[in-house]
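Close look at the chain arrangement
Each chain, written out:
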Amino acid sequence: MSTPLISIAMPFYNSERTIGASIRSILLQSHSNWELLLCDDGSTDASREMARAFNDPRIVVWGDQQRLQLGARLNECLDRASGEYVARMDADDIAYPQRLEKQLRFLADHPDVDLTGGWAVIFADSGAPFGKRNNPVAHADIARRPRHWFKLMHPTFMGKTSWFRRYRYRADAIRCEDMDLLFRACAGSRFANFPEVVLGYRQGSINLGKCLRGRWMWCRCSARYLNSVGRLQVAAVEALKSCWDVLTVATRADTAWLRSRYAALTEEELQEWRRVWASVS
């Protein structure tokens, strides 16, 4: 088998309901020179068996039955990666058929960019779309407020393997692995977003516990890099966001809130999403 150009890092945990569609979306890619690195983070369901059921030599599955969390598993993927580029993917999302091809071309056309993301359709478990997340394209806009999250979606990341290995993930930055990575790398890197939808991002109902834990972990992680004023600013913003999360869930307004926070799809984008969803369902 030839050396892949792109290594797709997809750790998974108890993803038996969704991992099949995610893998099928990679098998349907217009760019075929890839390897899919599937690291099992201690699943207790049939996820690993489902992943191994795909008979394709480009798919690599492994695991050690331990629960180490996403950051540690992503570093394992980086250590195993054979490709010149690494693309991120979650085991409950759907890659558009030309995702790899388009992002690869974008990086080739913009050699000053170290890491690119892309736009995403946000969809429910049923496949019904809430809208799209069309983050800004330019680095200055993506990193305008680094203490309060970068406008770059983790499952759409793609960049040189050497860049990922230079910065790596912090294993203890649980639920904010991406923001911690971007915060550390920002000063020496250039980010961009490819200005088209490249991914379907699965959004279930809001899990309040996970939301609050993620906000708390970001306060802890960012404290490593900020002075006392910066730490207070982050804590204040995340506390306000946490209050909003609680209010939204308590009033059962999470679906309406999700629809309000994303941009509307054009008719063409809606039709394309329906074709993508049908192809993997």
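All values reported here derive from a predicted model rather than from experimental measurement. (Residues numbered from 1 in each chain as written. Predicted model: local features only at pLDDT ≥ 70, side-chain atom pairs only at ≥ 80, totals over all residues. Heavy atoms only, no water.)

1. Description of the pairing of strand β9 (residues 191-202)
Residues in a regular strand point their side chains to alternate faces of the sheet. Of all twelve residues making up β9, nine are buried, and the element is well covered by its neighbours. As defined by bridge partners, strand β5 (residues 94-95) adjoins β9 across two bridges and the pair is classed as antiparallel. Looking at the pairing, A95 lines up with L199 of β9. As paired strands, strand β6 (residues 115-123) and β9 are joined by nine bridges and run parallel to one another. Looking across to β9, one finds that V121 is bridged to G200. (Buried < 20%, exposed > 50% of the residue type's maximum accessible area, 1.4 Å probe, protein only. Helix = DSSP H or I, 4+ residues; strand = E, 2+ residues; numbered from the N terminus. Pairing = 2+ DSSP bridges.)

2. Side note on helix α8 (residues 208-222)
A rise of 1.5 Å per residue sets the reference length of α8, with its 15 residues, at 21 Å; its end C-alpha atoms lie 21 Å apart and thus fit the reference within 8%. Within the span of α8, buried status applies to G214, R215, M217, W218, C219, C221 and S222. Packed against the buried residues of α8 are α7 (177-185) and α9 (228-250). (Expected span 1.5 Å × (residues − 1). Contact = heavy atoms within 4.5 Å.)

3. Looking at the nonpolar core
L115, F150, F157, W163, F164, L182 and F191 are the most contacted members of the largest nonpolar core, which totals 35 residues. Looking at this core, the elements with two or more residues in it are β2 (34-40), α3 (70-80), α6 (161-167), α7 and α8. The element best represented in this core is α7, accounting for five residues. Excluding anything up to four places from it in sequence, F150 contacts I142, A143, M179, L182, F183, C186 and F191. (Core = buried A, V, L, I, M, F, W, Y, C linked by side-chain atoms within 4.5 Å.)

4. A word on unusual backbone geometry
Positive phi is not limited to glycine here, since Q65 has a value of about 65°. Relative to the helices and strands, Q65 resides in the loop between β3 (59-63) and α3. Under the relative-accessibility criterion, Q65 is labelled exposed at 72%. Non-glycine residue R168 carries a positive phi angle of around 55°. By secondary structure assignment, the location of R168 is in the loop between α6 and α7. Since its relative accessible area comes to 27%, R168 is described here as partly exposed.

5. Re the pattern of salt bridges
Per the counting criterion, the structure on display carries 21 salt bridges. Among the salt bridges present, the one from E76 reaches R73, with a minimum N-O distance of 2.6 Å. Taken together, the residues E76 and R73, both in helix α3 and three residues apart, mark about one turn of the helix. Using a relative accessible area of 22% as the deciding quantity, one classes E76 as partly exposed. Residue classification places R73 among the buried positions, given a relative accessible area of 0%. In this structure, the salt-bridge partner of K241 is E238, at a minimum N-O distance of 3.8 Å. With K241 and E238 both in helix α9 and three residues apart, the pair spans about one turn of that helix. Note on E238: relative accessible area 1%, which makes it buried. (Salt bridge = Lys/Arg side-chain N within 4 Å of Asp/Glu carboxyl O.)

6. Section: the packing of aromatic side chains
Per the counting criterion, the structure on display carries twelve aromatic pairs. Relative to W273, the ring of F123 lies with its centre 4.8 Å away and its plane at 40°, an arrangement referred to as tilted. Note that F123 is positioned in strand β6 and W273 in helix α11 (residues 267-280), a separation of 150 residues in sequence. Taken as a pair, F123 and W273 share a single burial class, namely buried. Ring geometry for W149 and W218: centres 5.7 Å apart, planes at 40°, overall tilted. Placement of W149 in the loop between α5 (139-142) and β8 (158-160) and of W218 in helix α8 is noted, with a sequence separation of 69 residues between them. Through a chain of ring-to-ring contacts, three or more aromatic side chains come together here, namely F150, W163, F164, Y167 and F191. Sitting above the plane of the W34 ring, R58 keeps its charged end 3.9 Å from the centroid. The residue whose ring lies beneath R80 is W62, and the NZ or CZ to ring-centre distance is 3.9 Å. (Phe/Tyr/Trp six-rings, centres within 6.5 Å; stacked < 30°, edge-to-face > 60°. Lys NZ or Arg CZ within 6 Å of the ring centre and 35° of its normal.)

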